[in-house]
Amino acid sequence: AEAHERTEGQLLSWERENGSLRAKLESRDAADKAASKAREQERSEDRAAFARERADLKSLIGNAQKDVEEMKITMAASRELAEQESARRLQGAKAEAQARIVKIEALRREEEEA
């Protein structure tokens, strides 16, 4: 009977110890699960932030490319206007020179006739 009581006492002790270990294990599992969930949440937030940043960069690149194209068009138009202005000035200078030549030739003829 004494041996039986000792065995029963040991059994109760093991059950308590087992219960304590099970509680520790459940607590650790819960903590691990919470930490894992927190890490997954953080990764999800990081992915969302990276996606937003990537979209912003793509938008910036698109806008920059559009700006470059607009600048090219503006520069081409500006160059064309400058060329037209140069051609107009050159034409004016030619007409002025031609008028002087005509005037000089007229004066020369007058001198010859005189």
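In this report, we go over the structure that sits alongside the text. Predicted model, so just to flag it, every value in this text is computed and none were measured.

So, how was this worked out
Residues numbered from 1 in each chain as written. Predicted model: local features only at pLDDT ≥ 70, side-chain atom pairs only at ≥ 80, totals over all residues. Heavy atoms only, no water. Helix = DSSP H or I, 4+ residues; strand = E, 2+ residues; numbered from the N terminus. Rg over C-alpha atoms; globule rule 2.2 N^0.38 Å. Buried < 20%, exposed > 50% of the residue type's maximum accessible area, 1.4 Å probe, protein only. Areas by Shrake-Rupley, 256 points an atom, 1.4 Å probe, with all protein chains shown as cover. Lys, Arg positive; Asp, Glu negative; His and termini not counted. Charge placed at Lys NZ, Arg CZ, Asp CG, Glu CD. Salt bridge = Lys/Arg side-chain N within 4 Å of Asp/Glu carboxyl O. Patch = residues over 30% accessible without salt bridge, like charges linked within 9 Å, V, L, I, M, F, W, Y side chains within 5 Å.

A tally of regular secondary structure across the protein gives one helix and zero strands. For the protein, the C-alpha radius of gyration of 48 Å lies well beyond 13 Å, the compact-globule estimate for 114 residues. Expressed as a percentage of the 114 residues in the protein, the buried residues total 0%. Put simply, the protein shows about 10,800 Å² of open surface, and 55% of that area lies on carbon and sulfur atoms. Each charge class in the protein can be summarised by its mean position, and for the 23 positive and 26 negative side chains these summaries are 1 Å apart.

Moving on: the pattern of salt bridges. Taken as a whole, this structure holds seven salt bridges when the rule is applied. With a shortest N-O distance of 3.1 Å, Arg89 and Glu85 are connected by a salt bridge. Separated by four residues within a single helix, Arg89 and Glu85 lie in helix 1 (residues 2–113), roughly one turn from each other. For Arg89, a relative accessible area of 58% puts it in the exposed group. Note on Glu85: relative accessible area 29%, which makes it partly exposed. A salt bridge links Arg100 to Glu96, with the nearest nitrogen and oxygen atoms 3.6 Å apart. You can see Arg100 and its partner Glu96 sitting in helix 1, four residues apart, about one turn around the helix. Under the relative-accessibility criterion, Arg100 is labelled exposed at 54%. Taken together, the shared-partner salt bridges connect Glu40, Arg43 and Arg47 into one network.

Here we take up a nonpolar patch on the surface. On the surface, Leu57, Leu60 and Ile61 cluster together into a nonpolar patch covering about 300 Å² of accessible area. Topologically, Ile61 is positioned in helix 1.

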